[in-house]
Amino acid sequence: MDDIYKPISRVEVLEALVRKFGAVETARYFLNDAISDLQSMEVGIGDNNPMQAVKSCESLKENLTNLRALLEKKENKGSLEKEIKTNL
């Protein structure tokens, strides 16, 4: 019974990305992807293509949820705050 597949959680995915790329680059990725989703949603609405708009909306929600989880993690706050302050 121990061989049953257990899917990786959102927290595990985010931790792996932060270990590999750092909190700032991971946040930048999700933010850029969210902006791309908004642009795709605009195109879907402009082209009267509700399926494209809905698909982009779902992706936007997922990206923002990941970004929120990343920002709420205490261990990531220092590097993210430092990056924001140096770029203002």
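Numbers given to residues run from 1 along each chain, matching the order in which its sequence is written. Reporting in this predicted model follows two pLDDT cut-offs: at least 70 for local features of residues, and 80 or more for side-chain atom pairs to be given and counted; totals over whole chains, interfaces and linings ignore these cut-offs and use all residues. Hydrogens and water molecules were not included; the side-chain quantities draw on all heavy atoms of the structure.

Turning to unusual backbone geometry, a few remarks are in order. The backbone phi angle of Asn48 is positive, close to 55°, even though this residue is not glycine. Every helix listed is a DSSP run of H or I at least four residues long, and every strand listed is a run of E at least two residues long, numbered separately from the N terminus. Structurally, Asn48 is set in the loop between helix H2 (23-46) and helix H3 (50-72).

Okay, the packing of aromatic side chains next. Planes of paired rings set the category: under 30 degrees apart is stacked, over 60 is edge-to-face and the rest tilted, where pairs are Phe, Tyr or Trp rings (Trp by its six-membered ring) whose centres lie within 6.5 Å. Summed over the entire model, instances satisfying the criterion amount to 1 aromatic pair. Judged by centre distance (5.3 Å) and plane angle (70°), the ring pair of Tyr29 and Phe30 falls under edge-to-face. Only protein chains enter the accessibility calculation, which uses a 1.4 Å probe; a residue is then buried when its area is under 20% of its type maximum, exposed when over 50%, and partly exposed in between. The exposure class of Phe30 is buried, given its relative accessible area of 5%.

With their axes 11 Å apart at the nearest point, helix H1 (residues 10-21) and H3 run at an angle of 70° to one another. One element, H1, and the other, H3, form an angle in the roughly perpendicular class. Handedness of the H1/H3 crossing: right-handed. Where H1 abuts H3, its residues Arg10, Leu14 and Val18 lie against Glu62, Thr65, Asn66, Ala69 and Leu70. In the contact of H1 with H3, the residues fall into 4 nonpolar, 2 polar and 2 charged. Simply put, an axis is a line fit to the C-alpha atoms, just over the touching stretch for a helix, and the angle between two N-to-C directions goes from 0 to 180 degrees. Working rule for angles: under 35 degrees goes down as roughly parallel, over 145 as roughly antiparallel, 65 to 115 as roughly perpendicular, anything else as oblique. The sense of a crossing depends on the near helix, which, turned anticlockwise from the far helix by less than a right angle, makes the crossing left-handed and, turned clockwise, makes it right-handed. Here, residues are in contact when the closest pair of their heavy atoms is within 4.5 Å. We call Asp, Glu, Lys and Arg charged. Ala, Val, Leu, Ile, Met, Phe, Trp, Tyr, Cys and Pro are nonpolar, and the rest, Gly among them, are polar.

So, on to H3. Turn by turn, an α-helix covers 3.6 residues, leaving residues three or four places apart pointing in a common direction. The first and last C-alpha atoms of H3 sit 33 Å apart over 23 residues, in line with the 33 Å expected at 1.5 Å per residue. For H3, the set of buried residues is Ala53, Ser56, Leu60, Asn63, Asn66, Leu67 and Leu70. Contacts made by the buried residues of H3 are with H1, H2 and helix H4 (74-86). Given a helix with a known number of residues, its expected span is that number minus one, times 1.5 Å.

Worth remembering: the numbers are spatial, not functional.
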